[in-house]
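# Coordinates in review
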Amino acid sequence: MEQTLSIIKPDGVSQGLIGEVIKRFEANGIRIAAMKMLQMTKKQAQGFYAVHKERPFFESLTDFMTSGPVVAMVLEGENVIEKNRTLMGATNFKEAEEGTIRRDFATDIEKNVVHGSDSPETAAFEISYFFNQFEIIK
Ligand code: CMP
């Protein structure tokens, strides 16, 4: 069964959206296989978003992602990478479809409530960044 990494970002946690986001996952047949709350260090955030290190928003993004706690989850289900991306909506909330998490709650292209892996390769890297094999419930 496919897995993906989801993060409820600091703006999602501070807006009180943990329950709302998880409700949307479960209502859409996605299983939570692992979950933890943590506050990332700058180094952890830089490593997680290393693919974006040349982008102009890298500094601001890694500051934002360390500004408060996040909830990291392993989601499991059929076609869950794509399913999660559909539920999240476009990175830029102004372009996100109605009824998506980002359209409903994002306030900024950066403060867009949730992160989700964009491919099986990224998912494998991102899941292992936060979880070891014993923390992922079969
Ligand atoms: P995410 O899906 O976590 O992947 C990279 C993040 O960078 C993105 O969501 C946004 O939070 C942030 N970001 C900020 N500015 C931009 C931008 N111009 N384009 C894409 N992502 C951006």
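Residues numbered from 1 in each chain as written. Predicted model: local features only at pLDDT ≥ 70, side-chain atom pairs only at ≥ 80, totals over all residues. Heavy atoms only, no water.

This part is about the side chain of Thr62. With respect to the element layout, Thr62 can be found in helix H4 (residues 58-65). Of note is the side chain of Thr62, whose polar atom sits 2.9 Å from the side chain of Lys42. A distance of 2.8 Å separates a polar side-chain atom of Thr62 from the backbone oxygen of Phe58. Aside from chain neighbours lying at most four places away, what touches Thr62 is Lys42, Ala45 and Gln46. (Helix = DSSP H or I, 4+ residues; strand = E, 2+ residues; numbered from the N terminus. Polar contact = N/O pair within 3.5 Å; in protein donor to acceptor, adjacent residues only side chain to side chain. Contact = heavy atoms within 4.5 Å.)

Here we come to the UniProt feature "active site" (unreviewed entry) in the protein chain. Taking the UniProt record as the reference, the feature "active site" (unreviewed entry) is found at His115. By the secondary structure assignment, His115 is in strand E4 (residues 114-116). Beyond its immediate sequence surroundings of up to four residues, His115 is in contact with Leu5, Ser6, Ile7, Lys9, Phe48, Tyr49, Asn84, Met88, Arg102 and Glu126. (UniProt positions renumbered as here; feature names shortened; annotations may be inferred.)

Within a sheet, each strand pairs with its neighbour through backbone hydrogen bonds, oriented either parallel or antiparallel. Strand order in the open sheet made by the four strands is E2-E3-E1-E4, with antiparallel pairing throughout. At either end of the open sheet lies a strand with only one pairing partner, and these are strand E2 (31-38) and E4. Taken over all neighbouring pairs, the strand axes of this sheet differ in orientation by 20 degrees on average, direction set aside. Summarising the sheet, strand E1 (residues 3-8) and E4 pair through three bridges and their orientation is antiparallel. The residue bridging Ser6 from the neighbouring strand is Gly116, located in E4. Against the sheet, helix H5 (residues 80-88) contacts E1, strand E3 (70-76) and E4, and its axis sits at roughly 25 degrees relative to E1. (Pairing = 2+ DSSP bridges. Axes fitted to C-alpha atoms, helices over the stretch in contact; angles between N-to-C directions.)

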